Amino acid sequence: MRYSRIAGTGSYLPEKVLTNADLEKLVETSDEWIRARTGIERRHIAAPDETSSALAEHAARRALRAAGMTPADVDFIVVGTTTPDRIFPNTGSLLQQRLGIHGCPAFALETACSGFVYALSMADKFVRLGESRCALVVGVECLSRIVDWTERGTCVLFGDGAGAVVLTPADEPGIIATHLHSDGQYSDLLYFPYGPSQGFDRLRAGETGGIAMRGNDVFKVAVRTLSRLVDETLAKNGIDKHEIDWLVPHQANLRIIQAAAEKLDLPMEKVVVTVQQHGNTSAASIPLAFDTAVRDGRIRRGHLVLMETFGGGFTWGSALVRY
Ligand code: ACO
């Protein structure tokens, strides 16, 4: 049987940093509140001319370099993002254009914070089936564009960034398994209020608004669901929780991450946590954290890594990876 493996990783954060102290000047909040409730200390904000495909290009080029590949080798592109440059062309095609590649399939999928894990799962299947020998998988967001900067309950949480991996064929896994889920019944707990088929009339009429969330409810469902997801991933793959070398969770909130670590009996030193540095970057957060820990030498070849995510939809999923 043929498998896929992660041949290289890359990530990118925009230059501009917005600290909790900066936010204290924008809304009625405090560094203390934000740190205590979320763990976040700062987030990065894309420059006015930087779009999701621009952030994705930086991360993709870095991942390709790390894999010893060039854009000319890429034969499949999938991008997870909730903040595409435009409704169309899709952000995968725009990234393809930026990389100067022609003809290979390129698309974007939109499953909020689960975007990267969904994208990884798609790419894994194409590589396993022999339809791709060099798949570029990206998670990217410019959430600063869809946040209501007057709403303290949400604007302190999010940031911009991109992360990418390159998948190539392998005789051994690699990507051992991915598990994907969704339940649309929770669509009112976390959403963006406008969209193309609902119409932008209220926006045009001057109504403002950004990411809307019932934070407390999201928190509870997230912790419960992630706990079930961990059980499912371990059971379906016959893995004991003590075999996991690293947990790379979606970086939404330090308290949600701690709950997942407890569930696995993992000390926090075995959990990659980057949320302090960039806030919740939705689809970008797992590949950003993964790349950080690969580059600083924590995650090494042969380590068993569990990625897990939960986000708007709700959507959730995991990837069990032998790096
Ligand atoms: N600064 C100061 N006070 C604030 C702020 C702020 N930025 N935001 C809210 N508050 C106030 C509220 O108004 C409320 O005041 P009140 O008691 O006078 O009414 C008080 O703080 C408590 O508010 P809660 O919403 O109950 O605070 P909570 O402890 O639940 O923390 C948070 C809020 C951080 C959003 C938390 O619910 C959470 O992390 N939820 C998970 C949601 C999440 O991570 N969403 C991201 C997308 S989904 C995902 O990625 C998993």
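Computed from a predicted model, the values in this text were never measured in an experiment.

Quick notes on the packing of aromatic side chains
Reasoning step 1: Tallying each qualifying case throughout the model produces seven aromatic pairs.
Reasoning step 2: Where F192 meets Y194, the ring centres are 6.0 Å apart and the plane angle is 80°; that geometry is what we call edge-to-face.
Reasoning step 3: On the numbers, 5.6 Å between centres and 85° between planes, the contact of F290 with Y323 is edge-to-face. Placement of the pair is F290 in helix α11 (residues 285-295) and Y323 in the segment after β13 (315-322), with a sequence separation of 33 residues.

Let's talk about the site of the ligand
Reasoning step 1: Close to the ligand lie 21 residues; T29, R37, N216, H250 and N253 are nearest.
Reasoning step 2: A distance of 2.8 Å separates an oxygen atom of the ligand from a polar side-chain atom of N216.
Reasoning step 3: In the complex, 73% of the free accessible area of the ligand, which totals 1,000 Å², lies under the protein chains.
Reasoning step 4: Put simply, the parts of the chain that give the shell around the ligand at least two residues each are α2 (31-38), α6 (152-155) and α8 (215-236).
Reasoning step 5: Taken together, the residues of the shell around the ligand break down into nine nonpolar, eight polar and four charged.

Observations regarding the sheet that holds strand β6 (residues 135-142)
Reasoning step 1: Strand order in the open sheet formed by five strands is β1-β7-β6-β4-β5, with mixed pairing between adjacent strands. Every interior strand has two partners, whereas the edge strands, β1 (3-12) and β5 (106-109), have only one. Each neighbouring strand pair of the sheet contributes to a mean axis angle of 20°, computed without reference to strand direction.
Reasoning step 2: Its contacts with the sheet put helix α3 (residues 52-67) on β1, β6 and β7 (160-170), and the angle it makes with β1 is roughly 125°.

About the criteria used
- Residues numbered from 1 in each chain as written.
- Predicted model: local features only at pLDDT ≥ 70, side-chain atom pairs only at ≥ 80, totals over all residues.
- Heavy atoms only, no water.
- Phe/Tyr/Trp six-rings, centres within 6.5 Å; stacked < 30°, edge-to-face > 60°.
- Helix = DSSP H or I, 4+ residues; strand = E, 2+ residues; numbered from the N terminus.
- Near = heavy atom within 4 Å.
- Polar contact = N/O pair within 3.5 Å; in protein donor to acceptor, adjacent residues only side chain to side chain.
- Areas by Shrake-Rupley, 256 points an atom, 1.4 Å probe, with all protein chains shown as cover.
- Nonpolar A, V, L, I, M, F, W, Y, C, P; charged D, E, K, R; others polar.
- Pairing = 2+ DSSP bridges.
- Axes fitted to C-alpha atoms, helices over the stretch in contact; angles between N-to-C directions.
- Contact = heavy atoms within 4.5 Å.

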